[in-house]
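Okay, here's what each chain looks like letter by letter:
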Amino acid sequence: MTAAVLRFEDSAEYERFMGRWTRAVARVFLDWLAVAPGASWLDVGCGTGVLAETVLHLCAPASVHAVDVEPAQLAAAARGPAGAHVHFATGDARQLPFADAAFDAVASALLLNFVAERALALAEMRRVACPGGLIAAYVWDFAEELSPSGPLRKAMRRFGAEAPAVPGTESSGLQALQALFEATGLDIIETRTIDVCLSYENLEDFWQAQTPAYAPHTRIIAAMTDSDRASLMRAVAHSLPVGPSGTIQYCARANAIKSRVPPLT
């Protein structure tokens, strides 16, 4: 699921860039949601299927449906481990192709900040959730520059290069998420942060993962001279903790929120 200014069309590069981080957060997120076994799930903006796959592994669902607007992402998800067990389909968060009150749990990973009409998307998630059902989401903390791309973006600014704004940065904080869910009339709203720390084999591994072709910052870096690009890489290397064997480990933060659809009265 994307904003008009950013298209996640290359599923392989997206998986290399974000897959390891999404999997690490998804496990903590689902444990926090604590949905009972036998629930019907909807993953909104499923991308390459990481959240749906993790629901299958951890939550013993009765069924899992998942939607995204990018055909390449859906194709990759269908080829993945969840392909035989999840119902993947084309769908826009702002107009979900499901009946009212169809799911016990409706969740999204790394979606809401990229949707320009966030209130409409959340209203749709509420519409397709049953009374008393769960609605939950998480996004990277772009406002505090704590996403997986944060170290590269901060190094670009120190170097004097433009670091393009991430769509919906102002809506990625916990207070903004809380306000959005409250305005949609949801109940029992809770928020939390999820910090995950992951490793890269070396600087080259980090660099290749962090510069997918579809990303605006990658195009800016590609337009640099060889000398400037090498200087930027050195700036990144100096800003990251490097282990004795050359490994790089750092942490990113996701902001998570969960709520309930008010029961029928």
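What you see as residue numbers is a count from 1 along each chain, following the sequence as written. The predicted nature of this model means local features are confined to residues of pLDDT at least 70 and side-chain atom pairs, given and counted, to a pLDDT of 80 or more, with totals for whole chains, interfaces and linings taken over all residues. Hydrogens and water are ignored here; the side-chain numbers use all heavy atoms of the structure.

Caption draft 1: Up close: the environment of Leu-198. Runs of H or I in DSSP of at least four residues are treated as helices and runs of E of at least two as strands, each being numbered from the N terminus. Its place among the elements puts Leu-198 in strand β6 (residues 187–200). Only protein chains enter the accessibility calculation, which uses a 1.4 Å probe; a residue is then buried when its area is under 20% of its type maximum, exposed when over 50%, and partly exposed in between. Leu-198 sits in the buried class, given a relative accessible area of 18%. A sequence separation of 178 residues divides Leu-198 from Arg-20, and the C-alpha atoms of the two residues are 8.0 Å apart. Residue contacts follow a heavy-atom distance rule, with two residues in contact if any of their heavy atoms lie within 4.5 Å. With near-sequence residues (within four places) excluded, Leu-198 lies in contact with Arg-20, Trp-21, Ala-24, Ile-248, Gln-249 and Tyr-250.

Caption draft 2: Structural context of unusual backbone geometry. One non-glycine residue, Ala-60, lies in positive phi territory at about 45°. Tracing the backbone shows Ala-60 in the loop between α2 (50–59) and β2 (63–68). Assessed through its relative accessible area of 45%, Ala-60 is described here as partly exposed. One non-glycine residue, Glu-145, adopts positive backbone phi at about 55°. With respect to the helices and strands, Glu-145 occurs in the loop between β5 (129–140) and α5 (150–159). Note on Glu-145: relative accessible area 11%, which makes it buried.

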